Amino acid sequence: QETYDPHAGIEKWLRLWREQHLFEAGDLTPASAKDEQRTLVVSMFPYPSGDLHMGHAEVYSISDTMARYARLRGQQVLNPIAWDSFGLPAENAARKRGLDARVWTYGNIEIQAESFERLGISFDWRTRFHTSDPEYYRWNQWLFLRMFERNLAYRRAAPVNWCPTDETVLANEQVIQGKCERCGTEVIKRNLTQWFFRTTDYAQRLLDDMQQLEGNWPDEILSMQRNWIGRSTGAYIDFTIQGRTEPVRVFSTRPDTIYGATFFVVAADSSLAEELCAPEHVDQLQEYRAGLVAKPEQERLAVDRPMTGVFLGRHAVNPMNGELLPIYASDYVLADYGTGAVMAVPAHDQRDLNFARTFDLPVRVVVDTGEADPVQSGTATAGDGVLVNSGPLDGLAKQEAIAAVNAELEERGLGKGAVTYRLRDWLLSRQRFWGTPIPIIHCESCGAVPVPDDDLPVRLPETGYTLRPEGGKSPLETATAWVQVSCPSCHAEARRDTDTMDTFVDSSWYFLRFPNPHYEEGPFDPAGMAAWLPVDEYVGGKEHSTGHLMYARFLTKVLYDMELVPFTEPFKRLTNQGQVIMDGKAMSKSLGNLVNLQEQIAAYGPDAVRVTMLFASPPEDDIDWADVSPAGSVKWLARVWRLARDIGGAGPDLHNTPYDAELRKTIHRLIAETTQTMEAKRFNVAIARMMQLTNVLRQAVDSGPGPRDSAVQEGVEALARMLSCVAPFTAEECWSRLGHEPSVLRAGWPEADPALLIEDQVTCVVQVAGKVRDRLQVSPEISEEELRRLALDSVKVREALNGNEAAKVIVRAPKLVNIVPAS
Ligand code: ANZ
Ligand code: ZN
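Every chain is numbered independently, its residues counted from 1 as its sequence is written. Here every chain gets a letter starting at A, and every ligand a number starting at 1, in the order they are written. With pLDDT at 70 or above as the cut-off, local features in this predicted model cover only qualifying residues; side-chain atom pairs require 80 or more to be listed or tallied, and sums for whole chains, interfaces and linings still use all residues. Only hydrogens and water are set aside; all other atoms, that is, all heavy atoms of the structure, feed into the side-chain values.

As recorded in an unreviewed UniProt entry, the protein chain goes by Leucine--tRNA ligase and comes from Kitasatospora acidiphila. One UniProt comment on the protein chain, placed under Sequence similarities (unreviewed entry), says "Belongs to the class-I aminoacyl-tRNA synthetase family." UniProt positions are given in the numbering used here, feature names are shortened, and annotations may be inferred rather than shown by experiment. Within the UniProt record for the protein chain, the comment given under Subcellular location (unreviewed entry) is "Cytoplasm".

Here you go:
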């Protein structure tokens, strides 16, 4: 007898799917706008670092299951693929091996494309493109120029994060706990002139539009984004400086504590520190600055480190009471948050208190919170309370005091209520070869001149300039012939900008281009965009929470303002997959615990690998490959396959035989439960239900009504159709063994018959004071609350209570309710 072979038929089915265009979403650029019938399912696109790994297999198993399910439910589904093919690894690999970055990148793309196919991922291959194609990155440049025109792209000198190993600047989002996200080197600060996108202009909208995402994105991601944007409400307050006409503005979240200000601090690395420094203190300031190692922001803001600083020899004047506050420079105040200056209130701010204790400065409590005195306890008090030691504010509550101070300052023109954000502008420039050249020409007389649209794309030079010039400059500096151009404005000799764009620019809008990836009239085809976007289901890792996902949201809003897209959020629903780990640890070469995807496929077949991924846990949980059993998945697939073989071979006229009614009920209940769990994206539970159905059917064949029973036949057909979402090759094998024409992908999702789902009822006895007063017919699954309500609503029970309240109701669902009346 024939047995299951997890590798059988792969070539045949791949060919059939291709020939019948089964994964194609019909017309990609129809004239009609998006409707309920169209679903766009996207996984965060792959980076071609080599062949696919276990992580890819997981994320694409999830999104492919969503796509296949939606297709079977009659949706028109676009499941696209492109490659995020610019980036540092290609450049490093190229340098190491003496290859061109292009050769390495496009070689890996071919390998990954082949692997995706063999894993049975149902991509519509017509969407394919790569961000390193000039026809794609041309539009990065075009978008950059549009943003430049709108003053959303600008250049400034700023202290930036610099990775000494990768010799490039990093965005804040790429610095993880003070270290380079990629290589783990401690990041330092350097002063460089760089390009930025003005993301801060969109801070409030990035917050407000989260309303659209509430409930559809994981809460964890939303709160990470909220923290990252970091909105603070407070006030700007202007302090006069003795011996200087211009006041200095501070940002404070606690204007109510202004009478408790006892000193004043400015960021040591700001130009303000220099400006405010009295001449006889300049040496001390310089010495202090020189001794400051560039520390990551988090460390600088930590409350548990020794405080350092220098007195600048000047005083600020408290606008409320005229007190003189000595001015210090310290590294605990950040240059680029708020205004870079603070009024220090040591009684109610821990860092200020630590500083006051180190420098022996006075501490004055101005809010009585009932907590221990900060001077004694060493702990600043931050709670609510009543104002004290605050002149006219005494006796007010915190909120009242904030309002009173803000009103007075505003009246006197010395400040106003204000909002600040932690979010910074998006630092865009990278000193790298393998990225999108910034389309700007620097001219001595005209400054930064945009490359005219007609001259786009600014292509990378043909040979791989992966050499690194001295001083952290871009490798493109060495492409002298490429760098020298004439100024588009005055035609004098000029130089191209030699930095390339952060690759997060590429990934912030790629999904818009899927419907028409070779479109030449603009970054994306308006018809395709209108028909398919926004993305319905987006799947990817939570490591992108404040990076890619924030950038894509930002750019979408910019495009909305440019009237290029009709929506303000790019991704309607987001699913974060967990990681594939091994023995409780992330897989890595250095730990030697890598599981090789191709070896797993070679051993168990593509379907078993997919099923193992999906069955291990809900999508968002990590999968420990040491705990799962791909061999177990093969066993289950073989059981399904044998059912199809046995039933398909049982003889003709199956549909005319009578059927087992109880069995049919069980089958339909399992179909309904599988449907529900697929809808809820609990794919592990959906597979568990399919496994249950497999067992039920096997029993029915072996020791029940037998293989000729039409309920058995119906059950196996339903199983094959549902199986096609998670194990498409095996499902096709089953379907054809059941005597059907391929493909099972056209067979649709089985519908559970509602008439068969009505549950049997059980009798519930209701007692009042120990006597049976009523019997209720209820569902065996009834909840305690519902049963309690039914019992108390019963006419007979109310008669028995005779106007008395129930003192106690004991519910034992579904069979008993015992009511004790109040006497
Ligand atoms: C006086 C005060 C009294 C403050 C008090 C706090 C508590 P968030 O909530 O994070 O926005 N601050 C302002 N600019 C700063 C900078 N550039 N570097 C370091 N600290 C800065 O924090 C705002 C508070 O942090 C501000 O309110 C200011 O101290 C400080 F009982 O002003 B506060
Ligand atoms: Zn010029």
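And the narrative resumes.
Near, as used in this document, describes a residue that has one of its heavy atoms within 4 Å of the molecule or strand being considered. For ligand 1, the set of nearby residues contains 18 residues, the closest of which are S232, S252, L334, Y337 and R422. Between S252 and ligand 1, the recorded distance is 2.7 Å, taken from a side-chain N or O atom to an oxygen atom. Take L334: an N or O atom from its main chain is 2.8 Å from a nitrogen atom of ligand 1. Residue exposure ignores everything except the shown protein chains as possible cover, and the areas themselves are Shrake-Rupley values with a 1.4 Å probe. Here ligand 1 loses 88% of its free accessible area of 640 Å² to cover by the protein chains. Working definition: helices are DSSP H or I runs of at least four residues, strands are E runs of at least two. Numbering for both runs from the N terminus. Those elements giving two or more residues to the shell around ligand 1 turn out to be β9 (248-252) and β13 (341-344). Any residue that is not Ala, Val, Leu, Ile, Met, Phe, Trp, Tyr, Cys, Pro, Asp, Glu, Lys or Arg is counted as polar, Gly included; the first ten are nonpolar and the last four charged. Here the residues of the shell around ligand 1 sort into eight nonpolar, six polar and four charged. Under the rule applied, a polar contact is a pair of N or O atoms within 3.5 Å (in protein, one hydrogen donor and one hydrogen acceptor; residues adjacent in sequence only if both atoms are side-chain atoms).

For the rest of this paragraph, the subject is the sheet that holds strand β1 (residues 38-43). The strands making up a sheet associate through backbone hydrogen bonding, with each pair oriented either parallel or antiparallel. Strand order in the open sheet formed by four strands is β2-β1-β24-β25, with parallel pairing between adjacent strands. Since the sheet does not close on itself, it has two edges, and those belong to β2 (76-78) and β25 (571-576), each with one partner. The mean angle between the axes of side-by-side strands here comes to 20°, regardless of whether they run parallel or antiparallel. Following DSSP output, two strands are said to pair if at least two bridges run between them. Note that β1 and β2 share three bridges and pair parallel. Counterpart to L40 in the pairing with β2 is L78. We call two residues in contact whenever any of their non-hydrogen atoms come within 4.5 Å of each other. Angles run from 0 to 180 degrees between N-to-C directions of axes, and those axes are lines fitted to C-alpha atoms, restricted for helices to the stretch in contact. Here helix α16 (residues 548-561) sits on the sheet in contact with β24 (535-540) and β25, set at roughly 175° to β25.

In the numbering adopted here, UniProt assigns the feature "short sequence motif: 'HIGH' region" (unreviewed entry) to residues 46-56. Along residues 46-56 the backbone is 27% helical and 0% strand, and the end-to-end C-alpha distance reaches 8 Å.

Another point: helix α17 (residues 597-604). Residues L597, Q600 and I601 constitute the buried set of α17. Down the axis, α17 shows its buried residues gathered within 100° of arc, on one side only. Away from its buried face by more than 90 degrees, α17 exposes E599 and A602. The elements touched by buried residues of α17 are α2 (54-72), α18 (606-616) and α19 (630-648). Measuring from the side-chain oxygen of the N-cap residue of α17 to the backbone nitrogen of Q598 gives 2.8 Å; that N-cap residue is N596. After α17 finishes, the residue G605 shows a positive phi value of roughly 90°. Each residue's exposure class comes from its accessible area (1.4 Å probe, protein chains only) as a fraction of the maximum for that residue type: buried when under 20%, exposed when over 50%, partly exposed otherwise. Working note: the arc is built from the helix axis to C-beta atom directions.

Side chains of a nonpolar character, in soluble globular proteins, are inclined to be buried together. The biggest cluster of nonpolar side chains holds 88 residues, and the ones touching the most others in it are F144, F197, Y510, F511, L512, L533 and Y538. In this structure, F197 is in contact with F144, M147, L152, A153, D425, W426, L428, V505 and F554, ignoring residues within four places of it in sequence. If you look at the next biggest cluster of nonpolar residues, it comprises 87 residues, including L637, A644, F683 and L723. As used in this record, nonpolar core signifies buried Ala, Val, Leu, Ile, Met, Phe, Trp, Tyr and Cys residues forming a set joined through side-chain atoms within 4.5 Å.

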